[in-house]
Amino acid sequence: MLTHIDKQGNPAMVDVAAKQATHRTATARSVVVLPDEVLQYLVNGELLSKKGPVFQTAIIAGIMAAKKTGDLIPLCHPLGMENCAITVEVNKQQEIVIECTASITAKTGIEMEALVGASIAALTVYDMCKAMSHDIVIKETKLIAKTGGKRDFKRG
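Residues numbered from 1 in each chain as written. Predicted model: local features only at pLDDT ≥ 70, side-chain atom pairs only at ≥ 80, totals over all residues. Heavy atoms only, no water.

A. Seen up close, the sheet that holds strand 2 (residues 42–43). Taken in spatial order, the three strands line up as 2-3-4 in an open sheet, and their pairing is antiparallel. Because the sheet does not close on itself, it has two edges, and the strands there are strand 2 and strand 4 (52–53). Pairing analysis gives two bridges linking strand 2 to strand 3 (residues 46–49), with the strands arranged antiparallel. By the bridge assignment, Leu-42 is partnered in strand 3 with Leu-47. Sheet contacts for helix 2 (residues 54–67): strand 2, strand 3 and strand 4; angle to strand 3, the most-contacted strand, approximately 100°. (Pairing = 2+ DSSP bridges. Helix = DSSP H or I, 4+ residues; strand = E, 2+ residues; numbered from the N terminus. Contact = heavy atoms within 4.5 Å. Axes fitted to C-alpha atoms, helices over the stretch in contact; angles between N-to-C directions.)

Given below as structure tokens:
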């Protein structure tokens, strides 16, 4: 069943008026692949560019974007997040792994906020590194886990 379509087949926001508020969390991950000519600027867990510290800037951008999700995605409810945390790490494959975890006590979920936060953090890495190389790939963005609401989800 498509939840964002009304009985007449028109786009509609989901009516959550009758739902109970529950504590909800969501974690999303974006993976960015950087070429060696960019990774050479990795120093003590931070990527330095002429625009400044890449990972720190990406964290701030991701949090700011997660707070604006209701303005960016047409049928998302505007939510006042209780928390949003973003981590940026380099994995064994030399990929940049960005995780955004958001939480709220509300009548609707927060997975879109986590996905937007991770996505915009990844796009910020791209933006800050594109002067060094355009051979940058945002490989994937996906929901890792969510709790609260009708059903929990955890990617295996």
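B. Inspection of the pairing of strand 6 (residues 95–106) at higher detail. Along strand 6, nine of the 12 residues are buried, which leaves the element largely enclosed by surrounding structure. Sheet topology note: the strand 5 (residues 83–90)/strand 6 ladder contains eight bridges and is antiparallel. Note that in strand 6 the partner of Ala-85 across the bridge is Thr-101. Taking the residues between adjacent antiparallel strands as the criterion, strand 5 and strand 6 are bridged by four residues, where Gln-94 takes a positive phi near 60°. (Buried < 20%, exposed > 50% of the residue type's maximum accessible area, 1.4 Å probe, protein only.)

C. Structural context of the sheet that holds strand 1 (residues 22–33). Here we have five strands laid out as an open sheet, ordered 5-6-1-7-8, and antiparallel in their pairing. With partners counted over all chains shown, the strands left at the sheet margins are strand 5 and strand 8 (153–154), one partner each. By the bridge criterion, nine bridges tie strand 1 to strand 7 (residues 137–147) in an arrangement that is antiparallel. Counterpart to Val-32 in the pairing with strand 7 is Ile-138. Here helix 2 sits on the sheet and contacts strand 5 and strand 6; the angle it forms with strand 5, its principal contact strand, is near 150°. Along the sheet, helix 4 (residues 111–129) contacts strand 1, strand 5, strand 6 and strand 7; its crossing angle with strand 1, the most-contacted strand, is approximately 25°.

D. Representation of the side chain of Lys-146 within the structure. Here Lys-146 shows up in strand 7. Side-chain polar atoms of Lys-146 contact the backbone oxygen of Gly-148, separated by 3.4 Å. Within the local environment of Lys-146, its side chain forms a polar contact with the backbone oxygen of Arg-151, the two atoms lying 2.8 Å apart. Once residues lying within four places of it in the same chain are set aside, the contact partners of Lys-146 are Thr-25, Ala-26, Glu-111, Arg-151, Asp-152 and Phe-153. (Polar contact = N/O pair within 3.5 Å; in protein donor to acceptor, adjacent residues only side chain to side chain.)

E. Spotlight on the side chain of His-77. With respect to the secondary-structure elements, His-77 resides in the loop between helix 3 (69–72) and strand 5. On the basis of relative accessible area, His-77 is assigned to the buried category, the value being 16%. A distance of 2.8 Å separates the side chain of His-77 from the backbone oxygen of Val-14, its partner in a polar contact. Setting aside residues no more than four positions away along its own chain, His-77 makes contact with Met-13, Val-14, Val-16, Gly-70, Thr-108 and Glu-113.

F. Spatial organisation of the nonpolar core. In terms of nonpolar packing, the biggest core is built from 33 residues, with Val-32, Leu-34, Ile-96, Ile-98 and Val-125 touching the most fellow members. At the level of secondary structure, the elements contributing two or more residues to this core comprise strand 1, helix 1 (36–39), helix 2, strand 5, strand 6 and helix 4. When residues in this core are grouped by element, the largest group, eight residues, is from helix 4. Excluding residues within four positions of it along the chain, Val-32 makes contact with Glu-95, Ile-96, Ile-98, Ala-122, Val-125, Ile-136, Val-137 and Ile-138. (Core = buried A, V, L, I, M, F, W, Y, C linked by side-chain atoms within 4.5 Å.)

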